[in-house]
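Listed below are the residues making up each chain.
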Amino acid sequence: MTPSTPPTALPGHPGGGAANPNGSVRGQRPDEVLAELHSVVGRIAANVERVIVGKPDVVRVALVTLLAEGHLLVEDVPGVGKTSLAKALARSIDCTVSRIQFTPDLLPSDITGVSIYNRQENDFEFRPGPIFANIVIGDEINRASPKTQSALLECMEEHQVTVDGSTYPLGEPFMVVATQNPIEMEGTYALPEAQRDRFTARVSIGYPDPAAELAMVDEHAGHDPLGELRPVSDAAQVLRLVKAVRGVHLSPEVRRYAVELVGATRRLPELRLGASPRATLQLVRAARAQAALSGRDFVVPDDVHAVSVPVLAHRLVLTAEAQAARRSAADLVRSLAQRVPVPQASDQRPQAHR
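Cut-off values and rules
Residues numbered from 1 in each chain as written. Predicted model: local features only at pLDDT ≥ 70, side-chain atom pairs only at ≥ 80, totals over all residues. Heavy atoms only, no water. Salt bridge = Lys/Arg side-chain N within 4 Å of Asp/Glu carboxyl O. Helix = DSSP H or I, 4+ residues; strand = E, 2+ residues; numbered from the N terminus. Buried < 20%, exposed > 50% of the residue type's maximum accessible area, 1.4 Å probe, protein only. 1 Å grid on protein atoms, 1.4 Å probe; cavity = no way out; pocket = protein on both sides within 12 Å on 5 of 7 lines; lining within 4 Å. Points joined across faces, edges and corners; volume = space filled by probe spheres on them. Nonpolar A, V, L, I, M, F, W, Y, C, P; charged D, E, K, R; others polar.

Topic: the pattern of salt bridges
Here the structure, examined in full by the defined rule, presents 14 salt bridges. The salt bridge partner of Arg202 is Glu75, with a shortest N-O separation of 3.3 Å. Taken together, the residues span a long stretch of sequence, with Arg202 in strand 10 (residues 201–203) and Glu75 in strand 1 (residues 72–75) at a distance of 127 residues. Classification of Arg202 by relative accessible area gives partly exposed; the value is 24%. With a closest N to O distance of 2.9 Å, Glu125 and Arg127 form a salt bridge. Residue Glu125 is classed as partly exposed on the basis of its relative accessible area of 29%.

Set out below in C-alpha coordinates:
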(Lines give C-alpha, C1' and ligand atoms only; values in the text may rest on other atoms or scores of the structure.)
Protein backbone atom coordinates (compact mmCIF):
# COMPACT_ATOMS: atom_id res chain seq x y z
CA MET A 1 0.00 0.00 0.00
CA THR A 2 2.95 2.28 -0.63
CA PRO A 3 3.29 4.71 -3.55
CA SER A 4 5.68 3.58 -6.28
CA THR A 5 7.03 7.17 -6.44
CA PRO A 6 6.83 10.21 -4.15
CA PRO A 7 3.40 11.80 -3.63
CA THR A 8 2.15 14.10 -6.40
CA ALA A 9 0.89 16.94 -4.22
CA LEU A 10 2.49 17.71 -0.90
CA PRO A 11 1.40 20.34 1.59
CA GLY A 12 2.46 23.73 0.32
CA HIS A 13 2.83 22.47 -3.26
CA PRO A 14 -0.58 22.81 -4.97
CA GLY A 15 -0.80 20.92 -8.19
CA GLY A 16 2.08 18.63 -7.30
CA GLY A 17 4.35 17.59 -10.13
CA ALA A 18 1.80 17.92 -12.91
CA ALA A 19 2.02 20.01 -16.03
CA ASN A 20 1.90 23.76 -16.38
CA PRO A 21 -1.62 24.70 -15.18
CA ASN A 22 -2.18 26.67 -18.35
CA GLY A 23 -1.29 23.66 -20.47
CA SER A 24 0.45 24.14 -23.81
CA VAL A 25 -2.53 23.77 -26.11
CA ARG A 26 -2.47 27.49 -26.88
CA GLY A 27 -0.79 28.13 -30.21
CA GLN A 28 -1.79 24.73 -31.57
CA ARG A 29 -4.50 24.42 -34.18
CA PRO A 30 -7.44 22.12 -33.31
CA ASP A 31 -6.32 19.60 -35.94
CA GLU A 32 -2.82 19.53 -34.41
CA VAL A 33 -4.27 18.92 -30.95
CA LEU A 34 -6.46 16.10 -32.28
CA ALA A 35 -3.48 14.59 -34.10
CA GLU A 36 -1.45 14.63 -30.87
CA LEU A 37 -4.37 13.14 -28.97
CA HIS A 38 -4.75 10.30 -31.50
CA SER A 39 -1.04 9.57 -31.42
CA VAL A 40 -0.74 9.54 -27.64
CA VAL A 41 -3.96 7.64 -26.97
CA GLY A 42 -3.11 5.14 -29.69
CA ARG A 43 0.21 4.39 -27.99
CA ILE A 44 -1.42 4.03 -24.58
CA ALA A 45 -4.15 1.75 -25.98
CA ALA A 46 -1.60 -0.45 -27.76
CA ASN A 47 0.39 -0.71 -24.54
CA VAL A 48 -2.64 -1.71 -22.46
CA GLU A 49 -3.84 -4.19 -25.10
CA ARG A 50 -0.56 -6.07 -24.74
CA VAL A 51 -1.89 -7.05 -21.31
CA ILE A 52 -5.68 -7.04 -21.84
CA VAL A 53 -6.02 -9.10 -25.02
CA GLY A 54 -9.13 -8.88 -27.21
CA LYS A 55 -10.94 -6.15 -25.23
CA PRO A 56 -10.51 -2.90 -27.24
CA ASP A 57 -13.91 -1.55 -26.13
CA VAL A 58 -12.95 -1.90 -22.46
CA VAL A 59 -9.64 -0.13 -23.06
CA ARG A 60 -11.46 2.67 -24.90
CA VAL A 61 -13.81 3.25 -21.96
CA ALA A 62 -10.79 3.49 -19.66
CA LEU A 63 -9.16 6.07 -21.94
CA VAL A 64 -12.40 8.05 -22.30
CA THR A 65 -12.62 8.16 -18.50
CA LEU A 66 -9.01 9.38 -18.24
CA LEU A 67 -9.58 12.19 -20.76
CA ALA A 68 -12.90 13.10 -19.12
CA GLU A 69 -11.11 13.72 -15.78
CA GLY A 70 -13.13 10.94 -14.20
CA HIS A 71 -12.77 7.76 -12.18
CA LEU A 72 -13.28 4.19 -13.35
CA LEU A 73 -14.96 1.27 -11.57
CA VAL A 74 -13.98 -2.14 -12.96
CA GLU A 75 -16.55 -4.69 -11.79
CA ASP A 76 -16.30 -8.33 -12.80
CA VAL A 77 -15.66 -11.90 -11.67
CA PRO A 78 -12.19 -12.99 -10.50
CA GLY A 79 -9.42 -13.70 -12.96
CA VAL A 80 -10.52 -11.64 -15.97
CA GLY A 81 -7.88 -8.92 -15.59
CA LYS A 82 -9.47 -6.16 -13.52
CA THR A 83 -6.31 -5.25 -11.63
CA SER A 84 -4.17 -5.87 -14.72
CA LEU A 85 -6.20 -3.28 -16.64
CA ALA A 86 -5.65 -0.70 -13.91
CA LYS A 87 -1.93 -1.48 -13.64
CA ALA A 88 -1.39 -1.47 -17.41
CA LEU A 89 -3.04 1.94 -17.74
CA ALA A 90 -0.97 3.31 -14.86
CA ARG A 91 2.32 1.94 -16.19
CA SER A 92 1.66 3.35 -19.66
CA ILE A 93 1.88 6.90 -18.29
CA ASP A 94 5.02 8.24 -16.64
CA CYS A 95 3.34 9.68 -13.55
CA THR A 96 2.98 8.97 -9.86
CA VAL A 97 1.09 5.75 -9.15
CA SER A 98 -0.03 4.10 -5.94
CA ARG A 99 -1.96 0.94 -5.16
CA ILE A 100 -4.27 0.41 -2.19
CA GLN A 101 -5.36 -3.10 -1.25
CA PHE A 102 -8.73 -2.60 0.44
CA THR A 103 -9.28 -4.89 3.43
CA PRO A 104 -11.73 -4.85 6.36
CA ASP A 105 -9.08 -3.50 8.75
CA LEU A 106 -8.03 -0.61 6.50
CA LEU A 107 -8.50 2.81 8.13
CA PRO A 108 -9.33 6.16 6.45
CA SER A 109 -5.93 7.53 7.52
CA ASP A 110 -4.27 4.64 5.66
CA ILE A 111 -5.63 6.25 2.48
CA THR A 112 -5.51 10.00 3.09
CA GLY A 113 -2.49 10.26 5.37
CA VAL A 114 -1.99 11.22 8.99
CA SER A 115 -0.58 14.05 11.09
CA ILE A 116 2.44 12.91 13.13
CA TYR A 117 4.04 14.84 15.97
CA ASN A 118 7.53 16.04 15.10
CA ARG A 119 9.48 16.31 18.32
CA GLN A 120 12.26 18.37 16.77
CA GLU A 121 9.87 20.97 15.34
CA ASN A 122 7.54 20.71 18.33
CA ASP A 123 4.62 20.56 15.94
CA PHE A 124 2.53 18.14 13.90
CA GLU A 125 3.51 17.40 10.31
CA PHE A 126 1.36 15.76 7.68
CA ARG A 127 2.48 12.47 6.15
CA PRO A 128 0.60 12.02 2.83
CA GLY A 129 -1.15 8.72 2.17
CA PRO A 130 -1.27 6.77 -1.11
CA ILE A 131 -4.16 8.90 -2.38
CA PHE A 132 -1.52 11.54 -3.26
CA ALA A 133 -0.74 10.17 -6.72
CA ASN A 134 -1.84 10.83 -10.29
CA ILE A 135 -3.34 7.36 -10.71
CA VAL A 136 -4.61 5.49 -7.65
CA ILE A 137 -5.45 1.80 -8.00
CA GLY A 138 -8.00 0.65 -5.43
CA ASP A 139 -8.08 -3.14 -5.46
CA GLU A 140 -11.31 -4.79 -4.22
CA ILE A 141 -12.74 -1.53 -2.94
CA ASN A 142 -15.84 -3.21 -1.49
CA ARG A 143 -13.72 -5.19 1.02
CA ALA A 144 -13.20 -2.06 3.14
CA SER A 145 -15.73 -0.76 5.66
CA PRO A 146 -18.09 2.09 4.74
CA LYS A 147 -16.09 4.39 7.03
CA THR A 148 -12.94 3.71 5.02
CA GLN A 149 -14.74 3.91 1.67
CA SER A 150 -15.99 7.37 2.66
CA ALA A 151 -12.39 8.62 2.78
CA LEU A 152 -12.51 8.66 -1.03
CA LEU A 153 -15.58 10.88 -1.33
CA GLU A 154 -13.83 14.23 -0.96
CA CYS A 155 -10.79 13.06 -2.91
CA MET A 156 -12.77 11.93 -5.95
CA GLU A 157 -15.17 14.85 -6.10
CA GLU A 158 -13.08 17.83 -4.98
CA HIS A 159 -9.53 16.59 -5.69
CA GLN A 160 -8.41 17.50 -2.18
CA VAL A 161 -7.87 15.90 1.22
CA THR A 162 -8.86 17.42 4.57
CA VAL A 163 -7.06 16.09 7.64
CA ASP A 164 -7.20 17.67 11.10
CA GLY A 165 -8.76 20.84 9.72
CA SER A 166 -6.13 21.37 7.01
CA THR A 167 -6.85 20.93 3.31
CA TYR A 168 -4.26 19.57 0.89
CA PRO A 169 -4.82 19.65 -2.90
CA LEU A 170 -4.19 16.59 -5.04
CA GLY A 171 -2.15 16.75 -8.22
CA GLU A 172 -3.36 16.77 -11.81
CA PRO A 173 -4.28 14.61 -13.55
CA PHE A 174 -5.94 12.56 -10.81
CA MET A 175 -7.78 9.31 -11.47
CA VAL A 176 -9.02 6.51 -9.23
CA VAL A 177 -9.30 3.08 -10.87
CA ALA A 178 -11.12 0.77 -8.46
CA THR A 179 -11.98 -2.91 -8.84
CA GLN A 180 -14.60 -5.01 -7.16
CA ASN A 181 -15.96 -8.54 -7.42
CA PRO A 182 -19.79 -8.65 -7.55
CA ILE A 183 -20.00 -12.41 -7.04
CA GLU A 184 -18.12 -13.19 -3.82
CA MET A 185 -20.16 -11.01 -1.45
CA GLU A 186 -19.25 -12.57 1.90
CA GLY A 187 -17.23 -10.12 3.97
CA THR A 188 -17.82 -7.21 1.60
CA TYR A 189 -19.61 -3.88 1.92
CA ALA A 190 -21.67 -2.72 -1.04
CA LEU A 191 -20.66 0.71 -2.31
CA PRO A 192 -23.21 3.34 -1.23
CA GLU A 193 -24.92 5.33 -3.97
CA ALA A 194 -22.89 8.45 -3.11
CA GLN A 195 -19.70 6.49 -3.79
CA ARG A 196 -20.91 4.84 -6.99
CA ASP A 197 -22.11 8.19 -8.31
CA ARG A 198 -18.56 9.56 -8.09
CA PHE A 199 -17.29 6.99 -10.58
CA THR A 200 -17.59 8.43 -14.07
CA ALA A 201 -17.92 5.02 -15.69
CA ARG A 202 -18.23 1.36 -14.82
CA VAL A 203 -16.92 -1.35 -17.09
CA SER A 204 -17.01 -5.15 -17.03
CA ILE A 205 -14.19 -6.92 -18.84
CA GLY A 206 -15.93 -10.27 -19.34
CA TYR A 207 -14.42 -13.55 -20.48
CA PRO A 208 -12.28 -13.43 -23.65
CA ASP A 209 -13.41 -15.22 -26.79
CA PRO A 210 -11.54 -18.48 -27.62
CA ALA A 211 -9.19 -16.82 -30.12
CA ALA A 212 -8.22 -14.06 -27.68
CA GLU A 213 -7.76 -16.56 -24.85
CA LEU A 214 -5.54 -18.73 -27.06
CA ALA A 215 -3.46 -15.68 -28.00
CA MET A 216 -3.21 -14.79 -24.32
CA VAL A 217 -1.94 -18.29 -23.48
CA ASP A 218 0.64 -18.12 -26.28
CA GLU A 219 1.92 -14.65 -25.35
CA HIS A 220 1.62 -14.68 -21.55
CA ALA A 221 2.58 -18.25 -20.64
CA GLY A 222 6.34 -17.67 -20.81
CA HIS A 223 6.58 -14.11 -19.52
CA ASP A 224 4.66 -11.34 -17.81
CA PRO A 225 3.77 -8.56 -20.31
CA LEU A 226 2.77 -6.28 -17.44
CA GLY A 227 6.31 -6.32 -16.11
CA GLU A 228 7.66 -5.36 -19.54
CA LEU A 229 5.44 -2.31 -20.09
CA ARG A 230 7.19 1.02 -20.42
CA PRO A 231 5.60 4.48 -20.26
CA VAL A 232 4.54 5.91 -23.63
CA SER A 233 3.30 9.26 -22.29
CA ASP A 234 3.61 11.39 -19.17
CA ALA A 235 1.39 13.35 -16.80
CA ALA A 236 2.12 16.70 -18.47
CA GLN A 237 1.10 15.42 -21.89
CA VAL A 238 -2.05 13.75 -20.56
CA LEU A 239 -2.97 16.99 -18.80
CA ARG A 240 -2.58 18.91 -22.08
CA LEU A 241 -4.93 16.49 -23.80
CA VAL A 242 -7.44 16.69 -20.93
CA LYS A 243 -7.50 20.47 -21.32
CA ALA A 244 -7.99 20.07 -25.08
CA VAL A 245 -10.96 17.74 -24.52
CA ARG A 246 -12.61 20.41 -22.37
CA GLY A 247 -12.71 22.62 -25.47
CA VAL A 248 -14.55 20.13 -27.69
CA HIS A 249 -17.68 21.89 -28.98
CA LEU A 250 -21.01 20.89 -27.44
CA SER A 251 -24.00 22.40 -29.18
CA PRO A 252 -27.12 23.49 -27.24
CA GLU A 253 -29.08 20.73 -29.01
CA VAL A 254 -26.73 17.99 -27.83
CA ARG A 255 -26.71 19.48 -24.33
CA ARG A 256 -30.49 19.30 -24.21
CA TYR A 257 -30.35 15.76 -25.55
CA ALA A 258 -27.99 14.70 -22.73
CA VAL A 259 -30.21 16.39 -20.14
CA GLU A 260 -33.34 14.73 -21.55
CA LEU A 261 -31.67 11.31 -21.60
CA VAL A 262 -30.61 11.57 -17.97
CA GLY A 263 -33.93 13.09 -16.92
CA ALA A 264 -35.79 10.19 -18.53
CA THR A 265 -34.13 7.76 -16.10
CA ARG A 266 -35.88 9.55 -13.22
CA ARG A 267 -39.31 8.79 -14.67
CA LEU A 268 -38.87 5.08 -15.35
CA PRO A 269 -41.24 2.93 -13.27
CA GLU A 270 -38.60 0.18 -13.16
CA LEU A 271 -36.24 2.40 -11.16
CA ARG A 272 -36.23 3.42 -7.51
CA LEU A 273 -33.48 5.92 -8.21
CA GLY A 274 -32.58 7.60 -11.48
CA ALA A 275 -29.36 9.32 -12.51
CA SER A 276 -28.23 12.47 -10.69
CA PRO A 277 -27.26 15.89 -12.09
CA ARG A 278 -23.66 14.80 -11.51
CA ALA A 279 -24.35 12.01 -14.01
CA THR A 280 -25.36 14.61 -16.61
CA LEU A 281 -22.06 16.44 -16.17
CA GLN A 282 -20.10 13.19 -16.39
CA LEU A 283 -22.06 12.10 -19.47
CA VAL A 284 -21.21 15.36 -21.24
CA ARG A 285 -17.53 15.15 -20.31
CA ALA A 286 -17.31 11.54 -21.48
CA ALA A 287 -19.09 12.42 -24.74
CA ARG A 288 -16.51 15.15 -25.37
CA ALA A 289 -13.69 12.65 -24.82
CA GLN A 290 -15.43 10.13 -27.09
CA ALA A 291 -15.74 12.76 -29.83
CA ALA A 292 -12.05 13.68 -29.53
CA LEU A 293 -11.03 10.02 -29.77
CA SER A 294 -13.18 9.78 -32.92
CA GLY A 295 -11.24 12.65 -34.51
CA ARG A 296 -13.88 15.37 -34.10
CA ASP A 297 -13.78 18.67 -32.25
CA PHE A 298 -17.55 18.61 -31.77
CA VAL A 299 -19.97 16.17 -30.11
CA VAL A 300 -22.72 14.30 -31.96
CA PRO A 301 -25.54 12.20 -30.45
CA ASP A 302 -23.66 9.01 -31.33
CA ASP A 303 -20.95 10.06 -28.86
CA VAL A 304 -23.58 10.35 -26.13
CA HIS A 305 -24.96 6.93 -27.12
CA ALA A 306 -21.51 5.34 -27.03
CA VAL A 307 -20.83 6.36 -23.43
CA SER A 308 -24.38 6.28 -22.02
CA VAL A 309 -24.28 2.71 -20.66
CA PRO A 310 -20.84 2.91 -18.97
CA VAL A 311 -21.67 6.33 -17.49
CA LEU A 312 -25.30 5.86 -16.43
CA ALA A 313 -26.05 2.18 -15.75
CA HIS A 314 -24.15 1.81 -12.46
CA ARG A 315 -25.95 4.83 -10.96
CA LEU A 316 -29.45 3.40 -11.39
CA VAL A 317 -31.28 1.49 -8.64
CA LEU A 318 -33.87 -0.99 -9.89
CA THR A 319 -37.11 -1.78 -8.12
CA ALA A 320 -37.61 -5.22 -6.63
CA GLU A 321 -40.10 -6.03 -9.42
CA ALA A 322 -37.59 -5.10 -12.12
CA GLN A 323 -34.93 -7.23 -10.46
CA ALA A 324 -37.35 -10.17 -10.23
CA ALA A 325 -38.09 -9.73 -13.94
CA ARG A 326 -34.32 -9.87 -14.59
CA ARG A 327 -34.21 -6.39 -16.09
CA SER A 328 -30.78 -4.80 -16.18
CA ALA A 329 -29.86 -1.16 -15.82
CA ALA A 330 -27.81 -1.35 -19.01
CA ASP A 331 -30.83 -2.58 -21.01
CA LEU A 332 -32.95 0.26 -19.61
CA VAL A 333 -30.36 2.84 -20.66
CA ARG A 334 -30.17 1.36 -24.17
CA SER A 335 -33.96 1.45 -24.41
CA LEU A 336 -34.06 5.10 -23.35
CA ALA A 337 -31.40 6.00 -25.89
CA GLN A 338 -33.69 4.63 -28.59
CA ARG A 339 -36.75 6.49 -27.33
CA VAL A 340 -35.42 9.96 -26.53
CA PRO A 341 -35.64 12.15 -29.68
CA VAL A 342 -32.26 12.75 -31.30
CA PRO A 343 -31.36 16.30 -32.47
CA GLN A 344 -30.70 16.95 -36.14
CA ALA A 345 -27.17 16.13 -37.31
CA SER A 346 -26.63 19.57 -38.91
CA ASP A 347 -27.03 21.35 -35.57
CA GLN A 348 -24.05 19.89 -33.70
CA ARG A 349 -21.03 21.34 -35.51
CA PRO A 350 -19.36 24.56 -34.36
CA GLN A 351 -19.99 27.67 -36.44
CA ALA A 352 -16.66 27.40 -38.26
CA HIS A 353 -17.61 23.93 -39.58
CA ARG A 354 -21.03 24.90 -40.96
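Things to note about empty space enclosed by the protein
Under the defined criterion, the tally for this structure stands at three cavities of 30 Å³ or more. Each pocket or cavity is described by its volume, and for the largest cavity that value is around 90 Å³. Lining of the largest cavity is provided by Thr65, Leu66, Glu69, Gly70, His159, Glu172, Pro173, Phe174, Met175, Leu239, Val242 and Arg246. Counting residues per element, the ones that place at least two in the lining of the largest cavity are helix 2 (56–67) and helix 10 (235–246). Counting residues per element, the lining of the largest cavity draws most heavily on helix 10, at three residues. Estimates place the volume of the second largest cavity at around 40 Å³. Forming the boundary of the second largest cavity are Val40, Val41, Ile44, Leu63, Leu66, Leu67, Val238 and Leu241. Taken together, the elements giving at least two residues each to the lining of the second largest cavity come down to helix 1 (30–49), helix 2 and helix 10. In the lining of the second largest cavity, the residues fall into eight nonpolar, no polar and no charged.

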